[in-house]
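# Fold and contact review
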Amino acid sequence: MKKSPLQKARAAYKPKLPVVLTGAVKAVEGKPTESVADQAQIKALFPNTYGLPELRFEKNSTPAAGRPVNVGVILSGGQAPGGHNVISGLFDGIKRIHRDSRLFGFLMGPGGLVDHKYIELTAAIIDEYRNTGGFDIIGSGRTKLETKEQFDKGLEIIKELDIKAIVIIGGDDSNTNAAVLAEYYKAIGAGVQVIGCPKTIDGDLKNECIETSFGFDTATKVYSEVIGNIQRDCNSAKKYWHFIKLMGRSASHIALECALQVQPNVCIISEEIEAKDMTLQDVVNSIADTVAARASYGNNFGTVLIPEGLIEFIPAIKKLIAELNNVLAANAEATAGLSTDALEDFIKSHLSEANAATLASLPANVARQLMLDRDPHGNVQVSLIETEKLLSEMVAERLKVMAAEGNFNGKFSALHHFFGYEGRCADPSNFDADYCYALGFNAACLVNAGVTGYMSSIRNLTKPSVQWIAGGIPITMMMNIEHRNGADKPVIQKALVRLDGAPFLKFAAQRDDWAMNTCYIYPGPIQYFGPAEVCDQPSLTLRYEHQGK
Ligand code: FBP
């Protein structure tokens, strides 16, 4: 395959491992753990994997002789920069245990395990993919692993290939499935370990022990570069308002990090909209007020960052989605095979008056998205909803009213952008290249330690990578019970933007200045070579979260 000069240079990059992982390790147990909430229910659902201790790796002066180990790996869910380095770290890790160890990659996500579709990942294949973006080494998918039939079917191929452990690289839903799989295999004495790795550009798989999910750092740097370029254009032509939607299905971490990087005129944080019980019209009015205020100084231009998940956080719409999910779950049989129009009529006739009114107030295409499209985990596919256009159209309407009242005397011309897929497969930043390689290598150490139901954990991430701390966190520790698709389910708790957290407070303290004055920052592209302060900086979210610790 032909490669660009940068691809060749990146292929030669040697990710920096935490010092502790560079030699033989021993697992040191911490205290037994509890789930973040609903302890009794989670314990009852995970009798074999609940309450396990946290693990921390320390150097071992007397390394044990390793035996060859076969491991299976799965990429699950949306792409995130660095996935290939998790796999190369895992490969190098199991080869360090024994050079005859083998790695099998299941194809196109968890479905590959169930359908027995796999390839052996050899040194030649792995070397082609080191430090590259994308998940194309084995592909990814969103098949939900949840039934006994799926687990048993997977076990057939696991036994055939003499696999000792499965490593699932995924987000909160995929790692929830990893925990369920680990519990099942332990309960039936299958002798198969399951280890998770925290992946998602959305940044919402994090907690006390998992400081960030991989991919967030690179994706936000890519988006910030492009938003910076738009801001420079915007400040040159001074004639457009740019409405920029940013990926991140639920939490607003991506929008917040980009805002901290580029200092836009407006950035909406969904979690704040919910906390303040704002309506869609309230959000529109506040943007229109900023447009009018800037216009009063002759500035008929600006940037608005919009988190992809906004629509789900507007309290009235959140209630509507919850009822839609319940109606769909309770009437699965009655609605199977209905045409789209008939299904819409059925749903509308089963909604409460208040939710039916909310649905009727939305543009037809948005209403249809909320009613009909779900991913395999039951999530509304928010990336398909054009919130940026919806908001700018409503702002234009509002400005007409304000102009008639004498409160707006400017021009409003809007352009729209959606940044999501542009950043998910970028070559990983140095941070993500190192972090991912360490996560994968550390997963091999967890396999060697013989544990199951753990997530690979690398901490101390604002320090140079050699000082990072390595270990494992029981996945059940991150779980709580949530109402999903009409039923209570154990799931990993999503980390939303904390309104009392340092990143949000930094943003809130400066946003009025950014709204009125033009304070744009132009971060430029990811740098791989050069001084550490340019090339090796973690996200501002991580840095602010760690300040004072
Ligand atoms: P994961 O949670 O699986 O990491 O995926 C996140 C994400 O990139 C969201 O930001 C986005 O809403 C969604 O995937 C898009 O899904 P798809 O890749 O199926 O279009």
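A short tour of the structure in this document, coming up. (Residues numbered from 1 in each chain as written. Predicted model: local features only at pLDDT ≥ 70, side-chain atom pairs only at ≥ 80, totals over all residues. Heavy atoms only, no water.)

## Topic: the sheet that holds strand 5 (residues 118-120)
Strand order in the open sheet made by the nine strands is 1-2-13-12-7-6-3-4-5, with mixed pairing throughout. Two strands close off the open sheet at either side, each with one partner strand: strand 1 (25-32) and strand 5. Across this sheet, the average inter-strand angle for adjacent strands is 25°, counted without regard to direction. Where strand 1 and strand 2 (residues 53-59) come together, six bridges link them in antiparallel fashion. Paired with P32 across the two strands is P53, which belongs to strand 2. (Pairing = 2+ DSSP bridges. Helix = DSSP H or I, 4+ residues; strand = E, 2+ residues; numbered from the N terminus. Axes fitted to C-alpha atoms, helices over the stretch in contact; angles between N-to-C directions.)

## Examining the layout of surface pockets
Taken as a whole, the largest pocket encloses approximately 790 Å³ of empty space. In this structure, the largest pocket is lined by 30 residues; those nearest its centre are K206, N207, E208, R498 and E545. Of all the elements in the fold, those that place two or more residues in the lining of the largest pocket are helix 9 (253-262), strand 13 (469-474), helix 21 (502-516) and helix 23 (540-546). Among the elements that take part in the lining of the largest pocket, helix 23 stands out by supplying four residues, more than any other. The class makeup of the residues in the lining of the largest pocket is 15 nonpolar, seven polar and eight charged. In terms of lining residues, the second largest pocket is bounded by 21 residues, among which S250, E312, K318, E482 and R484 are the most central. Secondary structure elements with two or more residues in the lining of the second largest pocket: helix 12 (310-313), helix 13 (315-330) and strand 14 (479-484). Ranked by residue count, the leading element in the lining of the second largest pocket is helix 13, at five residues. (1 Å grid on protein atoms, 1.4 Å probe; cavity = no way out; pocket = protein on both sides within 12 Å on 5 of 7 lines; lining within 4 Å. Points joined across faces, edges and corners; volume = space filled by probe spheres on them. Nonpolar A, V, L, I, M, F, W, Y, C, P; charged D, E, K, R; others polar.)

## Notes on the packing of helix 11 (residues 280-295) against helix 21
At a minimum axis separation of 9 Å, helix 11 and helix 21 run at an interaxial angle of 50°. With respect to their mutual orientation, helix 11 and helix 21 come out oblique. Contacts between helix 11 and helix 21 involve T290, A293 and R294 on the former and, on the latter, W514, A515 and M516. (Parallel < 35°, antiparallel > 145°, perpendicular 65-115°, else oblique. Contact = heavy atoms within 4.5 Å.)

## Remarks on the site of the ligand
The environment of the ligand is made up of 13 residues, and the closest members are G78, R142, D202, E308 and Y421. Between an oxygen atom of the ligand and a side-chain N or O atom of E308, the distance comes to 2.7 Å. Its free accessible area being 480 Å², the ligand has 85% of it covered by the protein chains. Partitioned by chemical class, the residues of the shell around the ligand number two nonpolar, five polar and six charged. (Near = heavy atom within 4 Å. Polar contact = N/O pair within 3.5 Å; in protein donor to acceptor, adjacent residues only side chain to side chain. Areas by Shrake-Rupley, 256 points an atom, 1.4 Å probe, with all protein chains shown as cover.)

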